[in-house]
Amino acid sequence: MCGIVGITSNKQVTNSIINSLRKLEYRGYDSAGIATLNNGHINEVKSEGRVDVLEKNLSKSNLKGNVGIGHVRWATHGVPSTVNAHPHSSEKVSVVHNGIIENSTILKKYLIKKGHQFKSQTDTEVIVHLITEYLKKDDLKKSILKMLKKLHGSFALGIIFKDEPDLIIGARRGSPLAVGYGPNENYLGSDSYALKSMTNKISYLNDGEFCILKKDSVEFFDQKGNKVNKKILKLSSNEQSYEKGDYKHFMAKEIDEQPTTIKNCVNEYVDKINKEINIFNFPWKANEISSVVLIGCGTAYHSCLIGKYWFEKLTNLDVTVDIASEFRYRRVKFKKDALYIFVSQSGETADTFAALDLCNKNKVKTCSVVNVVESSIARESKFVLPIHCGPEIGVASTKAFLGQMLVLYILSLKIAKMRKEIDKKIYQEKINSLFDLSKLTNNSLETDSKIQSVCSSFVNIKGSMFLGRGLSFPIALEGALKLKELAYVHAEGYPAGEMKHGPLALIEEGMPVVVLAPRDEYYKKTISNMQEVIARGAKVLLITNKSKDEIHSENIWEKIEVENTSEDLLPFLITIPLQKLAYYSAFKKGYDIDKPRNLAKSVTVE
Ligand code: AGP
């Protein structure tokens, strides 16, 4: 949420900052801005809306400088507007900020008393005035340390100074921040993706650290101001996976990539010859784990819910699932023999990270399932299982969801085997079916024409329901979330068996309802629930798998049949039509599919 970039160089930096802001737009896109230092003056250009608007404004302003900071915003304090857009500047200092300053109201009162005047409604502006105030008496480093000590909340900061012609300060607490190294220039960025076109040499700031960037040097400090040594990491360069290619939207590309990402992930974790799972250095023995706690947010939380079904069935362990933003504030009893699994595509989600941090502080076993292996969550967990999906740029998570489910399934098989809870033959069968999964998901992709014909019924409606039982219930939640976030249609995922306990009252003539009824152990029950909603006037889109058995129900509006596979793996196949349903519904409405309103890809505020 919010993207930061900073460049100090011996060349002009404006164009490179704009290019990096484009890469960071997935983090926020309600306004954007840039500030540079030129001939001892801080100049800024800001605008409401996307980076494209900022670029147009820049062309009129002739902003120059060898040092600069830029920002894309996802509003927290203050409406999206030019005045609230970052950077925020005084005559002496300019600041870009990602995060929330929780004590900004108190600090603002104190600063107003000292004679400072505020222009915006943001929490960020207190940082500008605090530094300006401290610089009256103290040197730069001391002023920064004093300012950081005053702030409560989470932040990543980029700061430039009128009197420091070559210098950028970066600081982080809670929100991520990376430093990049280039020839005669150095960079600051919210993530390595923003810096990738300029460098593949990166370091990450740890929580509480700050750094001083000059064009030919970088120094890191801890929260007491002591110097810290940093490793420089080399990033693999695969620029192609960051491009849309011939696709209209990243989301369409990412949906289509799913067979490949499944194949890559299976190849990474499953040994085809020995029919074994390749998770070699798993740090814990079977008798050290007696329960599992799965934690995530949004789509990642849904994959945790599915994980629960697999872990319970295969490992015979006690399994609980938690939403990270709830877990972190509850009085949780930490268990030494529990395995806490954190699921996150970005690996930067603030609540998931805070939940992990809490677990680490309580010295319990932590493992993460992430897409971004350089992320904070990956770096802070004891054991990491990457999902090997490649970059996911569309705000709506698609291929990462399948990747998260796949890794959780593979891990549940691994633990089931460790605990001797699974019969050898069944284990081998389950491993074998993983090798066919990629091909089978390919067939689920061929549902476009049917989905395109039904999606007009989901476009202008009061609301819709997505129903499923067992493994299909979390998929129903995920299908409803996708329709909400992309087509801005109210949709609810519900356990099909719960309908008659209240929500059945919502069903009215012509309401589109998606029923997920793959032929698993719940099939007949779900079909009965489907009949109940049809009887009350619902138009049912049934998603099931192919079978010779007739479906004993009349008046189904539309039916989509995915391929057959083992019951465990059917969730992968029935998810894809739901992703397409949300995509085409949003497309029909002409919405911005990759950047839905009010949202951002990486939720780095709580
Ligand atoms: C899903 O489409 C989302 N946009 C959102 O729910 C997302 O899954 C959630 O914010 C968690 O993100 P993470 O996986 O990066 O932690």
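Look up a bit, the structure's there.
In what follows, the accompanying structure is described. (Residues numbered from 1 in each chain as written. Predicted model: local features only at pLDDT ≥ 70, side-chain atom pairs only at ≥ 80, totals over all residues. Heavy atoms only, no water.)

Turning to empty space enclosed by the protein, a few remarks are in order. For the structure shown, the criterion picks out 2 cavities of 30 Å³ or more. In this model, the largest cavity occupies a volume close to 60 Å³. Together, Cys2, Arg73, Trp74, Ala75, Thr76, His77, His86, His97, Gly99, Thr122, Asp123 and Thr124 line the largest cavity. Its residues placed into classes, the lining of the largest cavity shows 3 nonpolar, 7 polar and 2 charged. (1 Å grid on protein atoms, 1.4 Å probe; cavity = no way out; pocket = protein on both sides within 12 Å on 5 of 7 lines; lining within 4 Å. Points joined across faces, edges and corners; volume = space filled by probe spheres on them. Nonpolar A, V, L, I, M, F, W, Y, C, P; charged D, E, K, R; others polar.)

This next bit is on the environment of glutamine 428. Relative to the elements of secondary structure, glutamine 428 occurs in helix α14 (residues 424–444). On a C-alpha basis, the gap between glutamine 428 and lysine 275 in space is 6.5 Å, while along the polypeptide they are 153 residues apart. (Helix = DSSP H or I, 4+ residues; strand = E, 2+ residues; numbered from the N terminus.)

Turning next to the pairing of strand β21 (residues 365–370). For β21, a buried count of 6 out of 6 residues is recorded, marking the element as mostly surrounded by other parts of the structure. Burial of β21 is two-sided: the residues Lys365, Cys367 and Val369 facing one way and the residues Thr366, Ser368 and Val370 facing the other way are all buried. Of the strand pairs in this sheet, strand β20 (residues 338–344) and β21 are connected by 6 bridges, and their pairing is parallel. For phenylalanine 342, the partnering residue across the bridge sits in β21 and is serine 368. The handedness of the β20 to β21 crossover, carried by helix α11 (residues 350–361), is right-handed. One ladder, built from 4 bridges, connects β21 with strand β22 (residues 383–386); its direction is parallel. Residue pairing for β22: valine 370 is matched across the bridge by proline 386. (Buried < 20%, exposed > 50% of the residue type's maximum accessible area, 1.4 Å probe, protein only. Pairing = 2+ DSSP bridges. Right-handed = clockwise from strand over helix to strand, strands pointing away.)

Residue position: lysine 482 is located in helix α16 (residues 472–487). Separated by 2.8 Å, the side chain of lysine 482 and the backbone oxygen of serine 397 make a polar contact. When near neighbours in sequence (up to four residues on either side) are disregarded, lysine 482 contacts Met251, Thr299, Ala396, Ser397, Ala487 and Ala582. (Polar contact = N/O pair within 3.5 Å; in protein donor to acceptor, adjacent residues only side chain to side chain. Contact = heavy atoms within 4.5 Å.)

Attention now goes to the pattern of salt bridges. Summed over all chains, the structure comprises 34 salt bridges. The salt bridge involving aspartate 351 is made with arginine 328; its shortest N-O contact spans 2.7 Å. With aspartate 351 in helix α11 and arginine 328 in the loop between α10 (324–327) and β20, this pair connects stretches of sequence that are 23 residues apart. Lysine 361 serves as the salt-bridge partner of aspartate 357, at 2.7 Å between the closest nitrogen and oxygen. With aspartate 357 and lysine 361 both in helix α11, this residue pair falls 4 residues apart, about one helical turn. If you follow the salt bridges from partner to partner, you end up with Arg22, Asp52 and Glu55 in one network. (Salt bridge = Lys/Arg side-chain N within 4 Å of Asp/Glu carboxyl O.)

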